[in-house]
Amino acid sequence: MATTMATAANSEHCGDEDNEDFQDALDSVAPTRNLKLPKLDLDTTILESDLALSLFFNNKFAQAKERMQPWADQNMYHATGYGTVLYIQAVMTFDMADIEVAIEAIKSAVIVCNKNRKKSTIMGSLTKFATKVDYDSYTEEEIHAELCYAECLLIRAFLTFIQDENLISFIKGGLKIRECYKIYRECHKISLNRKVATDKHRVHFESGVCMGIGAFNLMISLLPSKIMKLLEFVGFSGKKSLGLSELQRGCELRVGLRSKLCAIMLVAYHSLVTYVLGLAEGDIELATELLRPCLKDHPKGAIFLFFSARLEEVKGHIDDAINRFEESIESQSEWRQFHHLCYWELMWCHCFKSDWLMAMKYAERLSKESRWSKATYTYQKAAFLVMCSDQTEETKKHTDYLFSEVPKLKQRIAGKSLPFEKFAVAKSQRYFQQGGYLILPALELIYVWNGFNIVGKNQELLDKMLLVVEATVTELASKREQASSDKFYHDNYTLALLLKGVCQRHRGLLLQAEQCFLEVISNEKNLHSDHYLVPYSTVELAILYLYQEKFEDCRKLLDKTKKNYKSYYLENRLLFRLHATRLQLKTAMNSNSDSHSLTDGAGHGDNYSMEEEDFADAKEEAK
């Protein structure tokens, strides 16, 4: 979410009174497209950008867009801010018309920013490689143009990806990101080497550099090798520790134009990304501290309320999280698409409480209002309904109807089928193949979406689920003689075993969990459909060995998973988790004492990695 807002600008020390005075002054200019607009200097541009972002954070999204639009075809910050708001809207709606509008706005912004960049001659380009660049020759407007240009290229690349996910678009997007990252690196050199004392807005420039370098390193370090291979020719790599430290530095530049954006990125990483793609290793205390001043400045800001709720959720405080998500929804009605993020989290919160009817209510709202994946939402509704204890004939008929609708609702977004929709369709068909039942489908959903990392924080909720899982395992074990006549028997039994092992791991019953995972793996040849259970259980076992410091056993299992298992359900989802485990393993093996954290790790290495060595060289050059 943070990257979607990364190019609107912001300053923490422009208070509400200053903003109101400045807004009155700007209103007197009466900016419209029908009038010849005055040229804005950098001071005015930064102040107005701060106002626009302040409006955005206070839920006045349309006003923020209107504030940027009049000068969007002539001013770099206005062009970047206007394009960014349209980009956020496109991501929220996933409507191709909105995506096209956003792309055109960003194309225009790229042109505007490029006009303000320092012009280089052919001779200058040739001598640049042989001589030290004189960054003092850049004007302040030119260095800010470099930064805005990089941000626009980054947004344009993201829009290219979501517009059409075929290989050509992926390559085009990758090339744009490469150019973008090269410019961010150049901006970093500018911030270290520039000696001009009259740079009034240096802190704003540096906060933007921290945001760009930090976001890139963090984002790239998360990608598993299978995905990275598609972009190897681009020359990318990333180092997680560097990404985190640069974003942290950006937060500490309190008056920096993009400091709050750095904070949002860090909070999103620690409370969301590490739980969805990693091993829930985020620093929740740090995220809470970073969010506190944002909430103080924008107490009704929907975005900050959302993350406040998310932090309560990952702490296992589910009731508090529900209240705060509802507060985020009530705080604004202008962008209803943002409500869908809260509905999604509220659905899972009620899942964690085993309140299946309330979970179904939010899945229902999403299926009616969200354009993302009606097949997914419909499958979730059916899965939650199956878990309800009071099954009537009417309930059974409605469940049958929902499962029958899932295959019809499968779609292609951006030219590609969603992996989870394939999973949902297969499970829906399985429901009918088994005579109208599925084994623990809602708990399976919680597992594949990494929800047990949250449930495990609340022993009361976890124990409640474990009782249901153990009862299911016992019941299936008592029907073992049916295995020869029921082709899905082993699939159902091993699914229940996997869920039992995960619950036991989170309860600290490591030996019992290990036995469950090993039994799942031993059933590999007996599985008829759910082949994903074996690689997932193998990685679960590897995680278990990691926390027991059986590092070599952990490494062997990770290598085995990557090498031996292909083309199973939700493969990419597991590859992210496998990659996160490998990073933690590498850090743990390199640690010299218990004081070292298991939450760091290096990414892929090559020429375009902004490693600490790059910073050291640049600092030495600056001397």
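Refer to the structure printed above.
Calculation criteria
- Residues numbered from 1 in each chain as written.
- Predicted model: local features only at pLDDT ≥ 70, side-chain atom pairs only at ≥ 80, totals over all residues.
- Heavy atoms only, no water.
- Axes fitted to C-alpha atoms, helices over the stretch in contact; angles between N-to-C directions.
- Helix = DSSP H or I, 4+ residues; strand = E, 2+ residues; numbered from the N terminus.
- Parallel < 35°, antiparallel > 145°, perpendicular 65-115°, else oblique.
- Left-handed = near helix turned anticlockwise from the far one by under 90°.
- Contact = heavy atoms within 4.5 Å.
- Buried < 20%, exposed > 50% of the residue type's maximum accessible area, 1.4 Å probe, protein only.
- Arc of directions from axis to C-beta.
- Core = buried A, V, L, I, M, F, W, Y, C linked by side-chain atoms within 4.5 Å.
- Phe/Tyr/Trp six-rings, centres within 6.5 Å; stacked < 30°, edge-to-face > 60°.
- Lys NZ or Arg CZ within 6 Å of the ring centre and 35° of its normal.

1. Topic: the packing of helix α11 (residues 240-252) against helix α12 (residues 259-276)
Part 1 of the argument: As a packed pair, α11 and α12 sit with axes 7 Å apart at the nearest point and diverge in direction by 140 degrees. As far as their axial angle goes, α12 and α11 are oblique. Considering how the two elements wind past one another, α11 and α12 form a crossing that is left-handed. From α11, Lys240, Leu244, Leu247, Gln248, Gly250 and Cys251 reach across to α12, where they touch Ser259, Cys262, Ala263, Met265, Leu266, Tyr269 and His270.

2. Quick word on the environment of aspartate 559
Part 1 of the argument: With respect to the helices, strands and loops of the structure, aspartate 559 is situated in helix α27 (residues 551-564).
Part 2 of the argument: Judged by its relative accessible area of 28%, aspartate 559 is partly exposed.

3. Remarks on helix α3 (residues 61-68)
Part 1 of the argument: Those residues of α3 lying buried are Phe61, Ala64, Arg67 and Met68. The buried side chains of α3 occupy one side of the element, clustering within an arc of 125 degrees when seen end-on.

4. Some details on the nonpolar core
Part 1 of the argument: Residues Phe56, Phe384, Ile446 and Phe452 are the most contacted members of the largest nonpolar core, which totals 136 residues.
Part 2 of the argument: Leaving out residues up to four positions away in the same chain, phenylalanine 384 has contacts with Met347, Cys351, Trp356, Ala359, Met360, Ala363, Ala442 and Leu445.
Part 3 of the argument: Within the second largest apolar cluster, 48 residues are counted, among which are Met68, Ala90, Leu147 and Cys152.

5. What about the packing of aromatic side chains?
Part 1 of the argument: Per the stated rule, a full pass over the model turns up 29 aromatic pairs.
Part 2 of the argument: Pairing phenylalanine 420 with phenylalanine 423 gives two aromatic rings, centres 5.4 Å apart and planes at 40 degrees, and the pair type is tilted. In this pair, phenylalanine 420 and phenylalanine 423 are both assigned in helix α20 (residues 419-433), 3 residues apart and thus about one turn of the helix distant.
Part 3 of the argument: Take phenylalanine 420: its relative accessible area is 3%, and that puts it in the buried class.
Part 4 of the argument: Classification of phenylalanine 423 as buried rests on a relative accessible area of 1%.
Part 5 of the argument: Put simply, the rings of Trp344, Trp348, Trp372, Tyr377, Phe420, Phe423, Tyr447, Trp449, Tyr532, Tyr536 and Tyr569 touch in pairs and so form one group of aromatic residues.
Part 6 of the argument: Here the basic side chain of arginine 480 rests over the ring of tyrosine 493, its NZ or CZ set 4.9 Å away from the ring centre.
Part 7 of the argument: Positioned above the aromatic ring of tryptophan 449 is the side chain of arginine 573, whose terminal nitrogen or guanidinium carbon lies 4.1 Å from the ring centre.

Functional significance is not addressed by these values, which are geometric in nature.
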